[in-house]
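What the coordinates show
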Amino acid sequence: MYSGVVLENNTPILGATVVVKGTSISTKTDFDGKFNIIVPKSSKILIFSYSGYETVERTLDQETFINVEMHTYREKGIWVSVGGFSDLTFAPYGIAISNGQQEQKLLHFESFQERVSLRLAVATDFSENWTYESKFIYHPPILNNSLSNTSIAYIKKDYQEFKFEDCFLSTNVTKLNFINAMLTAKVGVQRFDRKQGFGGAIGFESGNYNLRFQYGAQIGYWNDYFTYEIYFRKFLIEDSLSLITNYDRINNVNFLKVGINFLFKTHADKY
């Protein structure tokens, strides 16, 4: 008789399968991650498996109590997202590239393993209007289950009619269970022509993994003007092609951005 416990980062795994290799003898872990199994004397190996986790093989010895640590799959490759977008009013021709920075919330947690992401984008009308965007994001929570997907971003709109710069820190603060959404917050410095000052924004973000869409909104105040943002994102073809729309109103100036993103993986194998 062998017994033991199956854990992930000291958290019990319920329902993990324990099999005596080469036989049909098996059992499953209970609520506390514990198991008991009778192993024939001719057998020497136990196999531990659970959906989305790496399979573990353990060679048996005289010790009859076994601690097993399991881990989710990690991906050898990285997600790459390439897309075209249009700031319809000022800079209609744009291109963006990232390693899944926007799509990660619509991907299953077993598929997306990157801890950090980077997004770069540029748009123009091939005349005097240009938009530059850069965003660095750290996905894991910083404080327990709070402050996830924390990012630093810089946006510059160099247009004939006005100049705009935005340097900010944003994060998902915590989950709002009563509306099944995340509370989002943003702080930083904005400059709109001669107006410049410190400010912030607050809003929400929600979505549906099964339907593959996400949406959100924010309202902010910067020195002496308000900003408003509404966005929507939807996968059109499995995990590859998605549509994004984004409406911003900054100091009474309207921006409407639409785009198509293609997402692929550089290598599909797992380790």
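Given the structure is predicted, the values throughout are model-derived calculations rather than measurements. (Residues numbered from 1 in each chain as written. Predicted model: local features only at pLDDT ≥ 70, side-chain atom pairs only at ≥ 80, totals over all residues. Heavy atoms only, no water.)

Quick notes on the environment of Gln214
The condition that has to hold: Segments assigned H or I by DSSP are reported as helices when at least four residues long, segments assigned E as strands when at least two residues long, and all are numbered from the N terminus. For every residue, the accessible area obtained with a 1.4 Å probe (protein chains only) is divided by the maximum for its type, and the residue is called buried under 20%, exposed over 50%, and partly exposed between those limits.
In this fold, Gln214 is placed in strand S17 (residues 213–222). A residue is classified by how much of its surface remains accessible, and Gln214, at 7% relative accessible area, is buried. Here the alpha-carbon distance between Gln214 and Glu103, two residues 111 residues apart in the chain, equals 9.5 Å.

Notes on the sheet that holds strand S18 (residues 225–237)
Counted only if it meets this: When DSSP locates at least two bridges between a pair of strands, those strands are taken to pair. Axes here refer to lines fitted to C-alpha atoms; in helices the fit is confined to the stretch in contact. Angles between the N-to-C directions go from 0 to 180 degrees.
Taken in spatial order, the 12 strands of this closed barrel run S9-S10-S11-S12-S13-S14-S15-S16-S17-S18-S19-S20, and their pairing is antiparallel. In this sheet, adjacent strand axes meet at a mean angle of 15° when their direction is disregarded. Strand direction decides the pairing type here: strand S12 (residues 130–138) and strand S13 (residues 148–158), joined by 9 bridges, are antiparallel. Paired with Phe136 across the strands is Ile152, a residue of S13.

Looking at the sheet that holds strand S4 (residues 26–28)
Neighbouring strands of a sheet are bound in pairs by backbone hydrogen bonds; such pairs are parallel or else antiparallel. Taken in spatial order, the 4 strands of this open sheet run S4-S3-S6-S7, and their pairing is antiparallel. Edge positions in the sheet fall to S4 and strand S7 (56–59), since each has one partner strand and no second. Between one strand axis and the next, the sheet turns by 20° as a mean value, whatever way the strands run. Here strand S3 (residues 17–20) runs beside strand S6 (residues 45–49); their pairing, made up of 4 bridges, is antiparallel.

Examining empty space enclosed by the protein
Formally: For each structure, a 1 Å grid was placed over the protein atoms alone; sets of points admitting a 1.4 Å probe that cannot get out are labelled cavities, open sets with protein on both sides within 12 Å along at least five of seven lines are labelled pockets, and lining residues have an atom within 4 Å of a point. Grid points are joined across faces, edges and corners, and a volume is the space filled by probe spheres set on the points. Gly falls in the polar group here, along with every residue not listed as nonpolar (Ala, Val, Leu, Ile, Met, Phe, Trp, Tyr, Cys, Pro) or charged (Asp, Glu, Lys, Arg).
Counting across every chain of the model gives 1 cavity of 30 Å³ or more. In this structure, the largest cavity spans a volume of roughly 1000 Å³. What lines the largest cavity is a set of 49 residues, among which Lys135, Phe168, Glu229, Tyr231 and Asn246 lie closest to the centre. Grouping the amino acids of the lining of the largest cavity by side-chain chemistry returns 18 nonpolar, 18 polar and 13 charged.

Here we look at the environment of Phe48
For clarity, the cut-off: Any two residues whose heavy atoms approach within 4.5 Å at even a single point are treated as in contact.
On the secondary structure map, Phe48 appears in strand S6. In this structure Phe48 comes out as buried when scored by relative accessible area, which is 0%. Here the alpha-carbon distance between Phe48 and Tyr138, two residues 90 residues apart in the chain, equals 32 Å. Apart from residues lying up to four places away in sequence, Phe48 is in contact with Val6, Thr17, Val18, Phe35, Glu54, Thr55, Val56, Arg58, Val68 and Met70.

As for the packing of aromatic side chains
Given two aromatic rings, one states the distance between the centres and the angle between the planes to describe the pair. What counts, and what does not: Aromatic rings from Phe, Tyr and Trp, with only the six-membered ring used for Trp, were paired whenever their centres fell within 6.5 Å, and each pair was classed as stacked if the ring planes differed by under 30 degrees, edge-to-face if by over 60, and tilted otherwise. Charge over a ring is defined by NZ of Lys or CZ of Arg lying within 6 Å of the ring centre and within 35 degrees of the ring normal.
Tallied over the entire structure, the rule returns 18 aromatic pairs. Consider the rings of Trp130 and Tyr132, whose centres lie 6.3 Å apart with planes at 5°: the pair is stacked. The exposure class assigned to Trp130 is partly exposed, which follows from its relative accessible area of 31%. Among the aromatic residues, ring-to-ring pairing joins Phe90, Tyr159, Phe162, Phe164, Phe192, Tyr225 and Phe255 into one connected group. In this arrangement the basic side chain of Lys157 is found over the ring face of Phe255, its NZ or CZ atom lying 5.0 Å from the centre.

Some words on unusual backbone geometry
With a phi angle near 60°, Phe126 is a residue other than glycine that sits in the positive phi range. Checked against the element boundaries, Phe126 lands in the loop between strand S11 (116–124) and S12. With a phi angle near 65°, Asn223 is a residue other than glycine that sits in the positive phi range. For Asn223, the position within the fold is in the loop between S17 and S18.

Here's the deal with the nonpolar core
How we decide: Note on terminology: a nonpolar core comprises buried Ala, Val, Leu, Ile, Met, Phe, Trp, Tyr and Cys residues joined through side-chain atoms within 4.5 Å.
Ranked by size, the top nonpolar core spans 17 residues in total, and within it Val6, Phe35, Ile37, Leu46, Phe48 and Met70 carry the most contacts. Put simply, the parts of the chain that give this core at least two residues each are strand S1 (2–8), S3, strand S5 (34–37), S6 and strand S8 (65–69). Setting aside residues no more than four positions away along its own chain, Met70 makes contact with Val6, Leu7, Glu8, Ile13, Phe48, Ser49, Tyr50, Tyr53, Glu54 and Val56. Core analysis: the next-biggest nonpolar cluster, separate from the first, contains 15 residues, Ala91, Ala121, Ala123 and Trp222 among them.

Some points on the pattern of salt bridges
Inclusion rule: We define a salt bridge as a side-chain nitrogen of Lys or Arg found within 4 Å of a carboxyl oxygen belonging to Asp or Glu.
Counting across every chain of the model gives 7 salt bridges. Two residues, Glu133 and Arg119, come together in a salt bridge whose shortest N-O distance is 2.8 Å. Pair noted here: Glu133 is in strand S12 and Arg119 is in strand S11, with a separation of 14 residues, a long-range link. Of the two residues, Glu133 and Arg119, both sit in the buried class. With its nearest N and O atoms 2.8 Å apart, the salt bridge here joins Glu165 to Arg191. Of this pair, Glu165 sits in strand S14 (residues 163–176) while Arg191 sits in strand S15 (residues 181–192), placing them 26 residues apart in sequence.

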